[in-house]
Amino acid sequence: MSTPAATAMTLGLQGCHACGLVSRPVPGADEGSCPRCGDELSFRKSASIQRTWAFLVAAAICYVPANVLPVLTTITASGRDSDTIMEGVVLLWSPTGWPLSLIVLPVVHRGRARSTATIGLRTGFMSRWIGLSGYAIAVVLLLAIGITPWVRLLFPLWILLLSLDTLVESLGGAPRRGGPAEQCGVSG
Amino acid sequence: MYNQPLSDAALVACPHCDLLQRLPELVPGASARCPRCDKELWRRREDSLERTLALALAAAVLCVVANFVPMLGLSAVGREAFTTVFGGAEQLWLDGRETVAGLVLFTAVVAPALQIGFMLAIVLGAHRERPPGWVATLLRHHPTTATWSMIEVMMLGVLVALIKIADYAKVIPGLALFALGALVFVLAAMQASFDPREVWDRIEWAEAVDRR
């Protein structure tokens with residue numbers, strides 16, 4: 001790259017996050033609406049760093065009681081039963097329940113109330129298809145495990161599929177057929 | 001006040017790092033990435049509108065089935081009871097948990113229905129030569145409906161509850177549970193096959209609608 005990277009902002013342009021159109025604010029105005037889709041445009045999110053810090057600290061504080069205190073109490077004829085998330089994972093850990101337990105476990109460490117599959121999807125680590133098939137396999141395992149023992153092979157198979165997908169993705173294979181977009185020749 | 005458009009419509013700013021660049025012509029199935037941060041800028045889908053329409057129709061059928069037939073049955077001491085997703089939310093409401101009932105109803109019934117409805121309307125509207133302004137409005141708000149549609153989260157919650165309850169009663173999976181499972185896939189496929197750029201390129205601009 002010979003010229004320093006020209007971002008839309010350094011050139012006084014704004015890219016729309018809803019429809020992708022790049023447009024120029026009218027002279028004298030800092031903010032405007034996208035002429036194509038009407039979405040509001042601005043150069044920067046206001047107080048972005050400060051807000052992120054505030055939410056990060058709040059999340060770190062919430063994380064501790066979320067894992068130390070009980071998450072659910074079951075009251076039955078035989079008594080009360082309080083479980084933390086980790087105790088729930090242990091409860092699910094049985095010959096038939098362990099795949100489900102594996103799906104719930106990473107939630108504890110990420111502090112997010114969703115499954116491995118969700119974490120994979122949100123971080124972009126898994127492709128959407130693989131992640132969502134993880135949910136479906138959890139369902140099948142739970143409902144069909146009594147019907148045929150072959151169903152048990154599904155989860156290892158899913159892991160294999162996930163590994164292959166990660167491998168292909170990291171080798172820079174199929175998804176990039178189009179090549180990178182050319183860089184615009186405008187310089188600052 | 002509306003911004004002024006540029007003369008070069010192929011210019012895009014990377015949504016992650018703001019690098020200004022020109023999108024190349026792509027063949028269906030190919031994608032373009034930002035050279036600086038590697039964010040995928042555009043992936044051209046094969047036969048995007050037709051496939052999305054087909055999947056949205058399939059999702060609509062599954063959504064109706066998932067909401068109107070029993071999802072779960074419980075059998076304990078010789079008695080059986082079945083309920084639907086809607087019935088579950090209603091029971092939560094009657095038990096005094098109005099907030100939870102509202103959340104379940106919104107994220108598991110209303111938001112998915114909106115997501116499918118918006119997509120159907122967008123795709124049908126985009127079949128015209130020049131899609132009208134209301135398609136732009138729906139297209140702009142469609143990601144919000146997708147964000148709030150959390151069928152997969154509800155499925156996971158149902159599964160955990162099932163495990164806890166399995167010791168005390170026999171659980172009978174209903175047709176709706178399988179319909180919901182299929183819907184998770186069909187919704188993902190619907191989102192994946194849709195190429196919004198194809199619609200944005202032909203749409204009537206908000207600015208023009210306002211001037212009319």
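None of these values were measured; they are calculated from a predicted model. (Residues numbered from 1 in each chain as written. Chains lettered and ligands numbered in written order. Predicted model: local features only at pLDDT ≥ 70, side-chain atom pairs only at ≥ 80, totals over all residues.)

Counting its regular elements, chain A contains six helices and seven strands. When its helices and strands are written in sequence order, chain A yields β-β-β-β-α-β-β-α-α-α-α-α-β. Residue pairs at least 24 apart in sequence account for 25% of intrachain contacts in chain A once pairs closer than 6 positions are excluded. (Helix = DSSP H or I, 4+ residues; strand = E, 2+ residues; numbered from the N terminus. Contact = placed C-beta atoms within 7 Å.)

With that settled, the discussion passes to the overall build of chain B. In terms of regular secondary structure, chain B is built from eight helices and eight strands. By the compact-globule yardstick of 17 Å for 212 residues, chain B is too spread out, its C-alpha radius of gyration being 22 Å. Overall size of chain B, expressed as C-alpha extent along the three principal axes, is 75 × 40 × 30 Å. In chain B, which comprises 212 residues, the share counted as buried stands at 32%. Restricting to contacts in chain B with at least 6 residues of sequence separation, those with at least 24 account for 62%. (Rg over C-alpha atoms; globule rule 2.2 N^0.38 Å. Buried ≥ 20, exposed ≤ 12 C-beta atoms within 10 Å, placed from the backbone.)

Next up on the list: the sheet that holds strand E1 (residues 14–15) of chain A. Neighbouring strands of a sheet are bound in pairs by backbone hydrogen bonds; such pairs are parallel or else antiparallel. Taken together, three strands build an open sheet; the order of strands is E1(A)-E2(A)-E1(B) and the sheet is antiparallel. The sheet terminates laterally at E1 of chain A together with strand E1 (4–5) of chain B, the two strands that pair on one side only. Both strand E2 (residues 22–24) of chain A and E1(B) contribute to a ladder of two bridges, which runs antiparallel. Bridge pairing in E1(B) places Ser23(A) opposite Pro5(B). (Pairing = 2+ DSSP bridges.)

Our focus in this paragraph is unusual backbone geometry. A negative phi holds for most residues other than glycine; trans holds for most peptide bonds. Residues and elements named next belong to chain B. The phi dihedral of Asp38 is positive, around 70 degrees, even though this residue is not glycine. For Asp38, the location among the structural elements is in the loop between strand E4 (31–33) and strand E5 (40–43). For Asp38, a count of 14 C-beta atoms within 10 Å puts it in the partly exposed group. For Asp47, which is not a glycine, the phi torsion comes out positive at approximately 50 degrees. Along the chain, Asp47 turns up in the loop between E5 and helix H1 (48–68).

Here we take up the sheet that holds strand E8 (residues 170–173) of chain B. Residues and elements named next belong to chain B. In space, the three strands of this open sheet follow the order E7-E6-E8, with antiparallel pairing throughout. Unpaired on one side and paired on the other, strand E7 (79–83) and E8 mark the two borders of the sheet. Looking at each pair of strands side by side, their axes are set apart by 20 degrees on average, direction ignored. Both strand E6 (residues 72–76) and E7 contribute to a ladder of five bridges, which runs antiparallel. Paired with Leu72 across the strands is Thr83, a residue of E7. (Axes fitted to C-alpha atoms, helices over the stretch in contact; angles between N-to-C directions.)

Residue and element names in this part refer to chain A. The predicted model of chain A has a mean per-residue pLDDT of 69, with 49% of residues at 70 or higher. In this model residues 107–114 is a low-confidence stretch, pLDDT under 50, and it forms 14 contacts with partners more than four residues away in sequence or in other chains. Of the regions scoring below 50 in pLDDT, residues 173–188 engages in 43 contacts with residues more than four places distant in sequence or in other chains. (pLDDT = per-residue confidence, 0-100.)

What follows covers the pairing of E5(B). Residues in a regular strand project their side chains so that they alternate between the two faces of the sheet. Residues and elements named next belong to chain B. Pairing of E4 with E5 involves three bridges; the strand directions are antiparallel. Considered in E5, the bridge of Ala32 is made with Trp42. Adjacent in sequence and paired antiparallel, E4 and E5 are bridged by six residues, among which Asp38 carries a positive phi angle near 70 degrees.

Residues and elements named next belong to chain B. Relative to each other, helix H5 (residues 151–165) and helix H6 (residues 175–193) sit at 145 degrees, their axes nearing to 9 Å. For the pair H5 and H6, the crossing hand works out as left-handed. Of the residues in H6, those touching H5 at Ile151, Glu152 and Met155 are Leu180, Gly181, Leu183 and Val184. Grouping the amino acids of the contact of H5 with H6 by side-chain chemistry returns five nonpolar, one polar and one charged. (Left-handed = near helix turned anticlockwise from the far one by under 90°. Nonpolar A, V, L, I, M, F, W, Y, C, P; charged D, E, K, R; others polar.)

With that out of the way, let us pick up the domain arrangement of chain B. Domain boundaries in chain B define domain 1 (1–44) and domain 2 (47–211). A C-alpha centroid distance of 30 Å is found between domain 1 of chain B and domain 2 of chain B. (Domains from an automatic or database assignment.)

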